[in-house]
Amino acid sequence: MSLSSPTPIRLTNLPSLVWDLSKNDIPTFVLPNTAFGIASAIVAPALTYYPESPRIGPLLVQCTPWILLFNWSNLLVFNLANQRLADSIQKDRVNKPWRPLPRGRITPTQATRFLLGAVPVVNAELGAVRESAGIVILAWKYNDLRGGDELTRDPIIAIAYTIFNVSSLQIAVGSASAKVLEFTTTGYCWLGMIAGMILTTMQVQDLKDQRGDWARGRKTWPLVMGDRLSRRWIAGSVNGWSLAAVGFWNVSVYLSVGVVLLGAWVGSSVVLGTGDGRTWRWCLWQCCSLHFACLENLEWTFNVAGERGIRSNHTTVLAGKHSGGPAWMGSRDSHRLAHQLSERFCIIGLWCIDKGLEVGGTKNPLQVLNVPNHRIEV
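The residue numbering used here restarts from 1 in each chain and proceeds along that chain's sequence as written. In keeping with the model being predicted, local features are shown solely for residues with a pLDDT of at least 70 and side-chain atom pairs are shown and tallied solely at 80 or more, while totals for entire chains, interfaces and linings include all residues. Side-chain numbers here rest on the full set of heavy atoms in the structure, without hydrogens or water.

Undergrad: Explain the overall build of the chain to me, please; I cannot follow it from the model alone.
TA: Regarding its fold elements, the chain presents 18 helices and four strands. The cut-offs for exposure are 20% and 50% of the maximum accessible area for each residue type, with area from a 1.4 Å probe on protein chains only; residues under the lower value are buried, those over the upper are exposed, and the others partly exposed. Out of the 378 residues belonging to the chain, those deemed buried represent 49%. Contacts: residue pairs with any heavy atoms within 4.5 Å of one another. Looking at the chain alone, contacts between residues at least 24 apart form 70% of all its contacts between residues at least 6 apart. Surface accessibility follows the Shrake-Rupley procedure with a 1.4 Å probe radius. Residue values consider only the protein chains on display as shielding. Of the roughly 18,200 Å² of accessible surface on the chain, 62% is carried by carbon and sulfur atoms. Numbering of helices and strands starts at the N terminus; helices are DSSP runs of H or I of at least 4 residues and strands are runs of E of at least 2.

This is the structure in C-alpha cells:
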C-alpha cells in the first residue's frame, strides 16, 4: 500500500496504531517522568511549598494512572508532530521501519489530522493546560522549525523533560488544576540536576540511529563530535551524575555503591558499544539513580504523644508542620543544624533497634542517644 492512497483508519486498528506511534519512547519518556512524579510527591514538602505528602495508597492507585495518561498522551502528540514529516519518514525507513508511517499504515495527511484532533483533547485533560501548551510549543520548535535537526535538539528535549516532570508532580499532589506549584530552593536544584542529566546523557539514544540521522542530514553529537568522543562523554556524564545524585540526597553507603555501580555498568556498555539498542539500561539508571534516590531519605517518625508521620532528611512533615530545605541549604545557624543532625542519629538508632541490629557494642542505642524508647511502626 502506498502513502498516496490512504485508506480509512478502523477504530479496531486504532489502539495498535497509537501503540506503534509511541511504544519506542515509553521507556525513555513516560516511565522516568512518571517515576519522578511519584517519588517527588512522596517528598513533596522537601521540593515544594506543598504542605504535606499524599498518602502512599491513593498516590499509587488513584494518581499514577493519571500521571501515566498525561505523559503518554503528550508524548503521542510530540511523536505525531515528528513522525508525520517527510524527513522523519525517510529516517525511520532506515532506523525504525516498523513505525506506522514508513510501513504505510497511516499517511502523513492522516497523521496531521490525527494531530489536529489530539492537541485540544490533550490540552484539556487533567487541567494541565499550561504544561501541555508548553509541550506543543516545544514540539513545534523541534519538528516544524527543525530544531531537532540541529544541536539545539538536546536543550529542547531537556526543557520538555522538565515540563513533563513538573506536570507529573502537580498531578501527583493534586494541584494540576489549581495554582502553579511553587518549588523550594531544593526543588529548583533538583529539577536543574535532572535537566542537566538529560542534556548531557540524552545522546545515548542517537548512537543507534546514526545511519538514519546521517541520511536525513541531522546534526547529532555522535555525527558532529564523533562516535568515540560522544561515547566517552556520555559515560563520564552518567558516572558524574550518579555521584551528584547520591551526594545531593545524602543516601546510605549501600545505596551509593549500588547507584555508582549501576552508572558504571551503563557507562561501560556505552563505551564498549554493547548497549546501543538497549536504552532501557539508561532508563533504569535514570529512575534508580535520580528519581528514587530521594526515597532513601524517608523515615517513619513519631513523637512522645504517639503522633506518626514521614520524615525526610530534607524536610519534616509531622502534625501539619513544615520546615523545608536540606541542612546544607536551609540551616540558619549551627544550633538548628546540630538539632537536625541529632534527630537523624536518633532515627537511625531507632531503626536499628526495630530491625534487630546492634549499635555501639552492647549498649542500648536509645540510652546512648538519650531518647525515649518507642517502637517504630511502619
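Additional details are given in the paragraphs that follow.
Undergrad: What's the story with the pattern of salt bridges in this structure? I'm lost.
TA: Working definition: two side chains of opposite charge can pair if their charged atoms are close together. Here, a salt bridge means any side-chain nitrogen of Lys or Arg that lies within 4 Å of a carboxyl oxygen of Asp or Glu. With the rule as written, the count across this model stands at 15 salt bridges. Across the salt bridge formed by Asp 149 and Arg 216, the nearest N and O atoms sit 3.3 Å from each other. Separated by 67 residues along the polypeptide, Asp 149 in the loop between helix H8 (129-144) and helix H9 (153-173) and Arg 216 in helix H11 (residues 210-216) bring together distant segments of the chain. Among the residues examined, Asp 149 registers a relative accessible area of 7% and is labelled buried. The exposure class assigned to Arg 216 is buried, which follows from its relative accessible area of 13%. Among the charged side chains, a salt-bridge network with shared partners connects Asp 87, Arg 146, Asp 149, Asp 213, Arg 216 and Arg 218.

Undergrad: Help me out: how do you make sense of H9 in this one?
TA: Residues three or four positions apart in an α-helix share a direction because the helix packs 3.6 residues into each turn. A helix is expected to span 1.5 Å multiplied by its residue count minus one. The end-to-end C-alpha distance of H9, which contains 21 residues, comes to 31 Å, matching closely the 30 Å that a straight helix rising 1.5 Å per residue would cover. Counted residue by residue, H9 has 17 buried out of 21 residues, so it is predominantly covered. Residue Gly 174 follows H9 closely and has a positive phi angle near 80°.

Undergrad: Would you mind showing me how to read a nonpolar patch on the surface here?
TA: Together, Leu 151, Trp 214, Leu 223, Val 224, Met 225 and Leu 229 line one region of the surface with nonpolar side chains, adding up to about 600 Å² of accessible area. Within the fold, Leu 223 resides in helix H12 (residues 221-224). Of the residues examined, Leu 223 reaches a relative accessible area of 31% and is grouped as partly exposed. Each patch is built from residues lacking any salt bridge and having more than 30% relative accessible area; the joining distance is 9 Å for like charges and 5 Å for nonpolar side chains (Val, Leu, Ile, Met, Phe, Trp, Tyr).

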